[in-house]
Amino acid sequence: MKAMIKALLVLVLVSAASATTLPAWSQSADDFQRLVRQPDYRQRQHSRIREELRRWRNGAQAPAERLWQETRAHFNLNPRDAELREALLRMLQQRHAARQLSPQAEELYYYQLLNLEPRNSVYRDRLAALLLQKHGGHSPAEVRQAYQRLNDAFNTWDKRQYDRALQLFRQARLPRSAELTAIVAAHLRDRGHFDEAHKLLSSFAGDRSYLSWIDESLKAMQASQRIVNSSFAESDKLMARIQLGHLSQAEMAIKAQPDGPMKHWYQAKWLEKQASYHSASVEYRAYYQQRWSQQLPGFVPVVYKAQLEDVNSLDLIALKFRTSPDLIRQVNEAWPHDWVETYRMLIVPVPRREMAWPTTGYVSSHFGYRLHPIRGTWRLHEGLDIETLKGVKATAPLPGKVVQAGYDSGCGNLIRLQHAEPALRTVFCHGERLLQRQGAQLTQGQDVLVTGTTGASASIHLHFGVQLNGVYSDPMDWL
Ligand SMILES: [Zn+2]
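Throughout, residues of each chain are indexed from 1 in the direction in which the sequence is written. In view of the model being predicted, local features appear only for residues whose pLDDT reaches at least 70, and side-chain atom pairs are presented and counted only at 80 or more, with totals across whole chains, interfaces and linings using the full set of residues.

Turning next to unusual backbone geometry. Its identity is not glycine, yet Val-311 carries a phi of approximately 50 degrees, on the positive side. Only DSSP runs of H or I with at least four residues qualify as helices, and only runs of E with at least two residues qualify as strands; both kinds are numbered from the N terminus onward. Here Val-311 shows up in the loop between β1 (299–305) and α17 (314–320). Here Asn-312, not a glycine, exhibits a phi torsion of approximately 60 degrees, which is positive. The residue Asn-312 is located in the loop between β1 and α17 in this model.

Now for the pairing of strand β12 (residues 447–451). Two strands are counted as paired when DSSP detects at least two bridges linking them. With 3 bridges connecting them, strand β7 (residues 393–395) and β12 associate as antiparallel partners. For Lys-393, the partnering residue across the bridge sits in β12 and is Val-450. Relative to β12, strand β10 (residues 424–434) runs antiparallel, the two being bridged by 3 bridges. Each bridged residue has a counterpart across the sheet, and for Leu-434 the counterpart in β12 is Leu-449.

Our next topic: the confidence of the model for the chain. Across the chain, each position has a pLDDT score giving the predictor's confidence in that residue, from 0 to 100. Of the residues in the chain, 92% reach a pLDDT of 70 or more, and the chain-wide mean stands at 89. Throughout residues 1–26 the model reports pLDDT below 50, and contacts reaching past four residues in sequence, or to other chains, amount to 43 contacts. Any pair of residues counts as being in contact when their C-beta atoms, constructed from backbone geometry, are within 7 Å of one another.

Bringing the pairing of strand β3 (residues 362–365) into the picture now. Here 2 bridges tie β1 to β3, and the two strands are oriented parallel to one another. Paired with Tyr-304 across the two strands is Val-363, which belongs to β3. Note: β3 against strand β6 (residues 384–387), 3 bridges, orientation antiparallel. Looking at β6, one finds that Tyr-362 is bridged to Glu-387.

Attention now moves to the packing of helix α3 (residues 39–58) against helix α4 (residues 65–77). The description of two packed helices rests on the angle between their axes and on the distance between the axes. Between N-to-C directions, angles span 0 to 180 degrees; the directions come from axes that are lines fitted to C-alpha atoms, helices contributing only their stretch in contact. Running from N to C, α3 and α4 cross one another at 130 degrees; their axes reach a closest spacing of 10 Å. Judged on the interaxial angle alone, α4 and α3 are oblique. By crossing handedness, the relation of α3 to α4 is classed as left-handed. Taking contact as the criterion, the partners of Arg-42, His-46, Ile-49, Glu-52, Leu-53 and Trp-56 in α3 are, on α4, Leu-67, Glu-70, Thr-71, His-74 and Leu-77. As a working rule, the residues Ala, Val, Leu, Ile, Met, Phe, Trp, Tyr, Cys and Pro are called nonpolar, Asp, Glu, Lys and Arg charged, and the rest polar, with Gly in that last group. In the contact of α3 with α4, the residues fall into 5 nonpolar, 3 polar and 3 charged. Angle categories are assigned with fixed cut-offs, so that under 35 degrees is roughly parallel, over 145 is roughly antiparallel, 65 to 115 is roughly perpendicular, and the rest are oblique. For any pair of crossing helices, the crossing counts as left-handed if the nearer helix is rotated counterclockwise from the farther one by less than a right angle, and right-handed if it is rotated clockwise.

So, in structure tokens, the structure goes:
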């Protein structure tokens with residue numbers, strides 16, 4: 001009986017969110033795992049796909065869905081393969097050329113292109129125009145001011161001054177901006193202000209087609225409300241209560257849960273709602289360890305906090321991390337949507353490559369263009385940010401020699417390593433304290449520095465950069 005109710009709950013939640021308009025990519029999670037686990041299989045498939053790509057290039061047709069999916073899976077496993085990257089870019093362009101894209105789908109499309117070609121300024125400029133459109137025709141000055149308040153709101157939220165933060169979120173809202181409205185509503189909902197959140201979403205007067213998130217979050221909120229008001233057992237209402245910010249009832253229900261992976265999962269969600277991101281990421285990892293680590297050899301679980309520049313797309317997050325969206329869905333308790341709320345955490349299993357992850361924490365920012373929240377200008381973020389706690393060390397991802405150990409105003413205390421591949425260097429920024437001197441020869445996993453917040457930094461984190469022939473490239477091509 002209980003299992004049936006759970007299945008019903010999942011159905012209710014899934015059907016509330018099934019009308020997504022985001023283009024999703026779907027390679028079965030099982031096949032992706034097989035590609036990771038079986039090198040021979042991967043090699044055979046790889047040769048076949050190269051052959052098919054050659055034939056596709058010589059013809060004029062758009063690629064078949066299957067070839068698109070397979071190319072993407074193989075690119076995920078070989079992101080430094082220029083041929084696959086080039087094919088993927090051309091396929092993406094062909095797939096979209098024939099279609100009339102909604103502004104949201106177009107924004108996502110340009111972010112996908114930028115992920116594959118991060119220094120292309122044509123894509124970046126098109127994105128800038130789309131972002132203004134997304135904010136409903138408000139002037140750049142108004143948008144800039146809204147972003148400033150949003151930034152203040154998030155910082156206040158992270159300090160757990162929720163009432164003050166909510167006030168700033170309310171002020172950050174631009175009436176015709178779908179995105180800013182959705183962000184305000186999500187935070188109101190998270191603190192239990194259901195009616196206000198509901199009213200904001202249902203009375204939104206801007207372009208509703210821009211962000212399918214508006215209508216879908218409304219449906220998901222209503223579904224949670226129905227569950228909370230139902231006669232289900234308290235244990236079956238737990239997720240809905242967390243969703244709606246009923247935090248003290250949820251806390252009691254979590255305490256009553258039996259020990260096991262799900263208890264960690266609920267605990268993670270509960271902590272996350274209160275901006276306890278580090279504690280939440282510890283719980284997410286404990287959940288993954290108990291529930292998935294045996295089943296997924298060859299993968300590293302990364303906890304990620306989604307950012308504005310993810311366009312709420314699970315698919316884009318999967319592309320950025322070079323992994324399968326279906327696998328992300330699977331390890332997040334069958335994530336029921338194609339969209340992800342901004343600043344929400346999820347576990348991303350990443351295929352293990354030769355470079356080891358340089359520290360533990362949660363990833364808060366990717367390599368790529370992002371709009372500076374205060375200056376309103378675009379800049380290329382040339383590395384990966386991993387949020388850490390005071391005293392956490394960073395380690396060498398590969399054997400290497402320390403070629404620079406010093407300080408600069410942007411990077412703070414930094415270490416630069418030269419690896420065996422002559423073109424390859426890695427850089428570690430914002431250290432509290434350096435643990436190596438110039439000239440030291442390091443093995444993989446040896447301590448490099450204690451992470452901190454020196455230089456241009458607002459929190460304790462590691463900025464990890466990968467340089468190829470002196471040019472910063474996406475660390476996810478290596479990690
Ligand atoms: Zn950074």
